[in-house]
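Topology and contacts: notes
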Amino acid sequence: MSDWPQHLDHLFNEWPYEFGDVAARKVQGHDGRDVLQLRMDMGVLQLEVTGRPDGGRPGGCDNYLEYLKGLLVTEGDEFELDDTRCIEIDREFVQFYHRRIAWLSLGDFDRAAADADHSLALMDFSSIHAPHAEWAEMHEQYRPFVLFHRTQATALAALELLDPASAVEEIEEGCKLIADSYRSQGAEEDELAEDEFLVRLGEMKTSLEEQYDIEPPLAKQLAEAIAREQYELAAELRDRINRHGARR
């Protein structure tokens, strides 16, 4: 028998769980490596900070997606996602979700965005090779959620670099991708106007524009002026665009 206690009383007492909070921390393992811990109701998850969150190396690869890409090459036309592979894909989605929210909680936005990119790439691969449409749709419904996290992360990373204009651009691009994903799933425009992710990102964008006095790009201002039939303003903006182009 090991001398280590088998219970987790000391850990739970030292780090109590508060319902609704995302509580994460970075600590060192017994060998000195960094690991993430995520406090859950009745438990704690421990995640590796690089590679696959569980530390596994499927087929010697960094993650299951890379392993599947290798199988696709070797198996060719015989490649398919059977039940076992589908289960392993779902495991990887869950693992990267937990690590993504841990990075967001800790404010490590570049790593949160990288983990979101991995989930999106896994989703792309899964949808292309899905055994049936229903299985693909089951995963695609979460694309806006992953894109929401990614957009938050990239915008906040830009803010950390004191580049609010780039943060606004990240939000605009993220909102476009989220809206496109919803439309591909059959959402109507009135549903998009009330979507929680788009509303929250819109509020974040407005707050940044007001706080840092950021104006939309001239081309966007011109398009809006024409749409509103503000032709004098449109002519002025067109002149500003031409002068700006002449100076470049």
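Residues numbered from 1 in each chain as written. Predicted model: local features only at pLDDT ≥ 70, side-chain atom pairs only at ≥ 80, totals over all residues. Heavy atoms only, no water.

The subject of this paragraph is helix H9 (residues 196-212). Along an α-helix, residues three or four apart share an orientation, since each turn contains 3.6 residues. Here H9 spans 24 Å end to end across 17 residues, near enough to the 24 Å set by a 1.5 Å rise per residue. When H9 is considered as a whole, its buried residues turn out to be Phe197, Leu198, Leu201, Met204, Lys205, Leu208 and Glu209. When H9 is viewed along its axis, its buried side chains cluster within an angular range of 130° and face the same direction. Along H9, the residues that are exposed and aim more than 90 degrees away from the buried face are Glu203, Glu210 and Gln211. Where H9 begins, one side-chain oxygen reaches toward the backbone nitrogen of Phe197, 3.1 Å away; that side chain belongs to Asp195. Asp213 sits one or two positions beyond H9 and adopts a positive phi of about 55°. (Helix = DSSP H or I, 4+ residues; strand = E, 2+ residues; numbered from the N terminus. Expected span 1.5 Å × (residues − 1). Buried < 20%, exposed > 50% of the residue type's maximum accessible area, 1.4 Å probe, protein only. Arc of directions from axis to C-beta. Polar contact = N/O pair within 3.5 Å; in protein donor to acceptor, adjacent residues only side chain to side chain.)

A few words now on the pattern of salt bridges. When the charged atoms of two side chains with opposite charge come close together, those side chains can pair. Scanning all chains against the criterion turns up 21 salt bridges. One salt bridge in this structure joins Arg91 and Asp54, with 3.4 Å as the shortest N-O distance. Here the residue Arg91 occupies a position in helix H3 (residues 83-106), and Asp54 occupies one in the loop between strand E3 (43-48) and helix H2 (64-75), the gap between them amounting to 37 residues. Judged by its relative accessible area of 38%, Asp54 falls in the partly exposed class. Look at the salt bridges and you will find they share partners, linking Arg52, Asp54, Glu88, Arg91 and Glu92 into a network. (Salt bridge = Lys/Arg side-chain N within 4 Å of Asp/Glu carboxyl O.)

Our focus in this paragraph is the sheet that holds E3. In spatial order, the strands read E1-E2-E3; together these 3 strands make up an open sheet with antiparallel pairing. Either end of the sheet is taken by a strand with one partner, and the two such strands are strand E1 (23-28) and E3. Adjacent strand axes in the sheet meet at a mean angle of 30°, parallel and antiparallel pairs treated alike. Relative to the sheet, H3 contacts E1, strand E2 (34-40) and E3, its axis offset from that of E2 by approximately 95°. (Pairing = 2+ DSSP bridges. Axes fitted to C-alpha atoms, helices over the stretch in contact; angles between N-to-C directions. Contact = heavy atoms within 4.5 Å.)

The next thing to look at is the side chain of Glu209. Mapped onto the elements, Glu209 comes out in helix H9. A polar contact is formed between the side chain of Glu209 and the side chain of Lys205, at a distance of 2.9 Å. Beyond its immediate sequence surroundings of up to four residues, Glu209 is in contact with Val168 and Ile214.

Right, let's get into the packing of aromatic side chains. Two measures describe an aromatic ring pair: the distance that separates the ring centres and the angle between the ring planes. Taken as a whole and assessed by the stated rule, the structure comprises 5 aromatic pairs. Each ring, one from Tyr97 and one from Phe145, has its centre 6.1 Å from the other, and the planes form 45°; the classification is tilted. Here the residue Tyr97 occupies a position in helix H3, and Phe145 occupies one in helix H6 (residues 143-160), the gap between them amounting to 48 residues. Residue Tyr97 is classed as partly exposed on the basis of its relative accessible area, which comes to 29%. Its relative accessible area of 26% is what places Phe145 among the partly exposed residues. Pairwise contacts between aromatic rings join Tyr97, Phe145, Phe148 and Phe197 into one cluster. (Phe/Tyr/Trp six-rings, centres within 6.5 Å; stacked < 30°, edge-to-face > 60°.)

Taken together, the side chains of Asp77, Glu78, Glu80, Asp82 and Asp83 make up a negatively charged region of the molecular surface. Within the fold, Asp82 resides in the loop between H2 and H3. Relative accessible area serves as the criterion here: at 33%, Asp82 is assigned to the partly exposed category. (Patch = residues over 30% accessible without salt bridge, like charges linked within 9 Å, V, L, I, M, F, W, Y side chains within 5 Å. Areas by Shrake-Rupley, 256 points an atom, 1.4 Å probe, with all protein chains shown as cover. Lys, Arg positive; Asp, Glu negative; His and termini not counted. Charge placed at Lys NZ, Arg CZ, Asp CG, Glu CD.)

Next up on the list: the side chain of Thr151. Within the secondary structure, Thr151 sits in helix H6. Polar side-chain contacts of Thr151 include one of 2.7 Å to the backbone oxygen of Leu147.

This part takes up the pairing of E3. Regular strands show a simple pattern: their side chains alternate between the two faces of the sheet. Taken together, the 6 bridges between E2 and E3 define a ladder with antiparallel strand orientation. Looking at the pairing, Val35 lines up with Glu48 of E3. What sits between the antiparallel neighbours E2 and E3 is a turn of 2 residues, in which Met42 has the positive phi angle 70°.

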